[in-house]
Each structure stands twice: as structure tokens, then as C-alpha cells.
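Read off the chains here:
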Amino acid sequence: MAATGVYSSSLVHRPAVFPSFTFFFTLLLAMSSAQQLSANFYASSCSNALSIIKQGVVSAVQAEARMGASLLRLHFHDCFVNGCDGSILLDDTPNFTGEKNAGPNGGSVRGYNVIDSIKAQLESACPGVVSCVDIVAVAARDSVVALGGPSWNVLLGRRDSTTASASAANNNIPAPTFSLSQLISSFSNKGFSTREMVALSGAHTIGQARCTTFQTHIYNDANINPTFASSLKAICPQSGGDNNLAPLDNTPTTFDNAYFVNLQGQKGVFHSDQELFNGGSTDSIVNTYSSNPSTFASEFANAMLKMSNLNPLTGSNGEIRKKCGSTN
């Protein structure tokens, strides 16, 4: 999932300050865009926007608790690909290949129908005002709250992209097979500290995983509780059953810190999960979150707020899509 950068020979003799300047210039642009966001962006233009989104999320989660995790994941998979711009929502066309069917997304990312339903309601109430990407950002927060997790003030005013990138989706979204160093690098590339990476990984305290994403872990890895591995093997045979589902922790419809407690017992479903507690630098963070649920909740909320502000389109950039699956 992480992209690997390779310097060409033509860059070898350039001063080290050159890429550093580029990085910080890009960071400053991102910060400038994020500063244009506001918690009360729709206060006058669509005063009931947040209540419409919340009602749609609550109804969806009540109908299927797993949808809360799916909406949270939808937000993550959008933001990690060229920023939070709603690009993941764009449908493929005969002349356009987007992100929906990229490796990390195809057949697994869910919740598009919920976002489309909310968007339709908002278009009826406030035509052309609320962006699809803002709906995704708020829906992720409301999903966590609906499942008993913390809240945070989502900043608003993002605009929807008019493009998407399947290759960026394939190269930027962390994979369940990642090592600890790959996870740290992947999140660092987006501006997150190692601690923030562990906090955001705690999103796996809700939801379920497909067999194909953890099959190698339960059959080939040593850093897994044998009894726990056997229970997963009953769900996930060595061949076949790719779409069979297993809960990511023992309370998959409650946002809590059980995920971290499970890691201490070598009961991480993904290889990447258990890498957070495998004798490495993040063991102490897992220990902190497992024994201090309020610390995890607070730091998760802060990390989510930071993630939702990754490279937003603001001002005259992008557009407000009429339908989330296509450009205007």
C-alpha cells in the first residue's frame, strides 16, 4: 500500500535541501487549504446539513451495525489517496478508471449507497451546497459516535475532485500485510507520527475482515495465538472462502479499546495489526491504549481530525458534485 520513492541518478548530486523544500512547500499548501475549512461552514447556506447527515448515518448503522465501520473506512481510503477530496466516490466509465475498483477498494469498500442517499436528501434541502467529501467526513465521525466512540468537530468546506487515481489508490493505502516499518513509513508520508498511526489503527476495533485479507497471517505467521488462529481457520480455509467474514475484535459493533487488548494476547486479525505489538517500538503505545481507553479515544479523535484535513480542495478548486458518483 505504501508508495516507494526512488531517486533517479540525475538527482544524486543535487543539494539535500531541494527535496526538503519541496516537501515543506507542499505541506504549507496543504495547511493553507485546511485553514480555509470551518466547523460552521454551512451555518447559513444549509443550516440542517449536519442533522441530515447524522440522521442518515444513524439509520444506516441501526439497520446494519457493520456499516459504521464501512463508512469510517470509506473516509480513510479517500483521504489517503491525494487527500480528502471524494475521489473514491467516482464511478468508472468507459473513458475513466477511478479508485472504486483499485486493489484496496474493489469488492470491499462499502457505504456508497448511504452517502448517495444522504446526498440526495441534501440536494433536495440545499441544492448544490454540500460537497460529497464533506458528507463522507461527517459520516465517519457520526459512525464512530453511533457505535459508542468519541466525537470531534469536523471542519467543513471541502470541495469534490473532478478526477481520481487508481494507481494512487493501489500505491498509498496501507495493506493488511504490511510490516511495522512499512506502516510507519506509509503514515509518515501523510504527516502522521508513529503514535498517531497506532491510534488510527484502532479503527479496527469495529467492523469485520474478509478472509482474503488475513488468510496468510493465520496460516503462515508465528506471531498469533494458536487458539485464536484455529478459530479463524474455521472461518477461513486455506483455499476458497475469500469473502467469508471475521470480526476485527471481540466487540466489532462497539467502538472501544478491545483491539489493543487483543493485540497484547496476539489476537490481531491482520498481520499489520499484530505488527503493532510484536516486540517493536509501538508495543508501549499499545500498552497505553489497552489500559487507558480514554487516552485512546482522545488521541484517536485528534488523529481523525488531522486526517480529515489532508489536502482538501477549497475555494474555487474542485466542484460541488450534484451526484457523488460522477462529475457535473
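Above this text is the structure in question.
Keep in mind it's a predicted model, so treat the numbers as computed, not measured. (Residues numbered from 1 in each chain as written. Predicted model: local features only at pLDDT ≥ 70, side-chain atom pairs only at ≥ 80, totals over all residues. Heavy atoms only, no water.)

K.L.:
Honestly, the overall build of the chain in this entry has me stumped. Any pointers?
P.N.:
Along the backbone of the chain there are 14 helices and 2 strands. By residue count, 48% of the 328 residues in the chain fall in the buried class. Taking as baseline every contact in the chain between residues at least 6 positions apart, the subset at least 24 positions apart corresponds to 76%. As displayed, the chain offers around 14600 Å² of accessible surface, 53% of which is attributable to carbon and sulfur atoms. (Helix = DSSP H or I, 4+ residues; strand = E, 2+ residues; numbered from the N terminus. Buried < 20%, exposed > 50% of the residue type's maximum accessible area, 1.4 Å probe, protein only. Contact = heavy atoms within 4.5 Å. Areas by Shrake-Rupley, 256 points an atom, 1.4 Å probe, with all protein chains shown as cover.)

K.L.:
Got a minute to help me understand helix α5 (residues 132–146) in this structure?
P.N.:
Structurally, the α-helix is built with 3.6 residues per turn, so residues lying three or four positions apart point the same way. Between the first and last C-alpha of α5 there are 20 Å, a value that for 15 residues agrees with the 21 Å anticipated at 1.5 Å per step. For α5, a buried count of 13 out of 15 residues is recorded, marking the element as mostly surrounded by other parts of the structure. Two residues or fewer past α5, Gly-148 is found with a positive phi of approximately 95°. (Expected span 1.5 Å × (residues − 1).)

K.L.:
How should the nonpolar core be read in this particular structure?
P.N.:
Proteins that are soluble and globular tend to have nonpolar side chains buried together. Of all hydrophobic cores here, the largest spans 74 residues; its most connected members are Leu-74, Leu-89, Ile-115, Leu-122, Leu-276 and Phe-300. When residues are assigned to domains, this core turns out to be shared by domain 1 (48–172) and domain 2 (180–307), each giving three or more. Once residues lying within four places of it in the same chain are set aside, the contact partners of Phe-300 are Leu-72, Val-144, Pro-150, Trp-152, Ala-199, Leu-200, Ala-203 and Phe-255. If you look at the next biggest cluster of nonpolar residues, it comprises 13 residues, including Phe-228, Ala-246, Leu-248 and Phe-270. (Core = buried A, V, L, I, M, F, W, Y, C linked by side-chain atoms within 4.5 Å. Domains from an automatic or database assignment.)

K.L.:
I would appreciate a short explanation of the state of the cysteines in the present structure.
P.N.:
Put plainly, a disulfide is one covalent bond tying together the sulfur atoms of two cysteines. Tallied over the full model, the rule gives 4 disulfides. The partner cysteine of Cys-46 in its disulfide is Cys-126, sulfur to sulfur 2.1 Å. With the S-S dihedral at roughly 75°, the linkage between Cys-46 and Cys-126 falls on the right-handed side. With Cys-46 in the loop between α1 (17–35) and α2 (49–63) and Cys-126 in the loop between α4 (112–125) and α5, this pair connects stretches of sequence that are 80 residues apart. A relative accessible area of 7% places Cys-126 in the buried class. (Disulfide = S-S within 2.5 Å.)

K.L.:
Quick question: what am I supposed to make of helix α10 (residues 226–233) here?
P.N.:
Buried within α10 are the following residues: Phe-228, Ala-229 and Leu-232. What you see down the axis of α10 is that its buried residues fit within an arc of 100°, all on one side. Residues of α10 that are exposed and point more than 90 degrees away from the buried face comprise Pro-226 and Thr-227. Residues of α10 that are buried in the fold lie against α9 (211–220) and β2 (245–247). Its side-chain oxygen 2.9 Å from the backbone nitrogen of Thr-227, Asn-225 forms the N-cap of α10. (Arc of directions from axis to C-beta. Polar contact = N/O pair within 3.5 Å; in protein donor to acceptor, adjacent residues only side chain to side chain.)

K.L.:
Can you walk me through the environment of Pro-174 in this structure?
P.N.:
Tracing the sequence through the fold places Pro-174 in the loop between α6 (166–172) and α7 (180–188). Owing to a relative accessible area of 17%, Pro-174 belongs among the buried residues under this scheme. Residues Pro-174 and Ser-185, spaced 11 residues apart in sequence, show a C-alpha to C-alpha distance of 9.7 Å.

K.L.:
So what exactly am I meant to see when it comes to the packing of helix α3 (residues 66–79) against α5 here?
P.N.:
Two packed helices can be described by the angle between their axes and the distance between those axes. Contact geometry of α3 with α5 gives a least axis separation of 8 Å together with a crossing angle of 140°. When the axes of α3 and α5 are compared, the pair comes out oblique. When you trace α3 past α5, the crossing you get is left-handed. Mapping the contact onto sequence places Gly-68, Leu-71, Leu-72, Leu-74, His-75 and Asp-78 in α3 and Val-133, Val-136, Ala-137, Ala-139, Ala-140, Ser-143 and Val-144 in α5. Per-class residue counts for the contact of α3 with α5 are 9 nonpolar, 3 polar and 1 charged. (Axes fitted to C-alpha atoms, helices over the stretch in contact; angles between N-to-C directions. Parallel < 35°, antiparallel > 145°, perpendicular 65-115°, else oblique. Left-handed = near helix turned anticlockwise from the far one by under 90°. Nonpolar A, V, L, I, M, F, W, Y, C, P; charged D, E, K, R; others polar.)

K.L.:
Would you mind going over the pattern of salt bridges with me for this structure?
P.N.:
Two side chains that carry opposite charge are able to pair once their charged atoms sit near each other. The full count for this structure, using the stated rule, is 7 salt bridges. With a closest N to O distance of 2.6 Å, Arg-158 and Asp-134 form a salt bridge. Taken as a pair, Arg-158 in the loop between α5 and α6 and Asp-134 in helix α5 lie far apart in primary sequence, 24 residues in all. Judged on exposure class, the residue Arg-158 and its partner Asp-134 are both buried. Here Arg-195 ties to Glu-299 by a salt bridge, and the two come within 2.7 Å at their closest N and O atoms. Of the two residues, Arg-195 is situated in helix α8 (residues 194–201) and Glu-299 in helix α14 (residues 293–308); the sequence distance between them amounts to 104 residues. For Arg-195, a relative accessible area of 32% puts it in the partly exposed group. Residue classification places Glu-299 among the partly exposed residues on the basis of a relative accessible area of 24%. (Salt bridge = Lys/Arg side-chain N within 4 Å of Asp/Glu carboxyl O.)

K.L.:
Help me understand the side chain of Asp-85, please; the structure alone is not making it clear to me.
P.N.:
Within the fold, Asp-85 resides in the loop between α3 and α4. Buried Asp-85, no salt bridge; nearest opposite-charge side chain is Arg-321, N-O distance 6.0 Å. Engagement of the side chain of Asp-85 in a polar contact is seen with the side chain of Ser-87, the distance being 2.8 Å. Filtering out sequence-adjacent residues up to four positions away, Asp-85 remains in contact with Asp-78, Val-133, Arg-159, Asp-160, Ser-161, Leu-313 and Arg-321. (Lys, Arg positive; Asp, Glu negative; His and termini not counted.)

No statement about biological role is implied by the geometric values presented.
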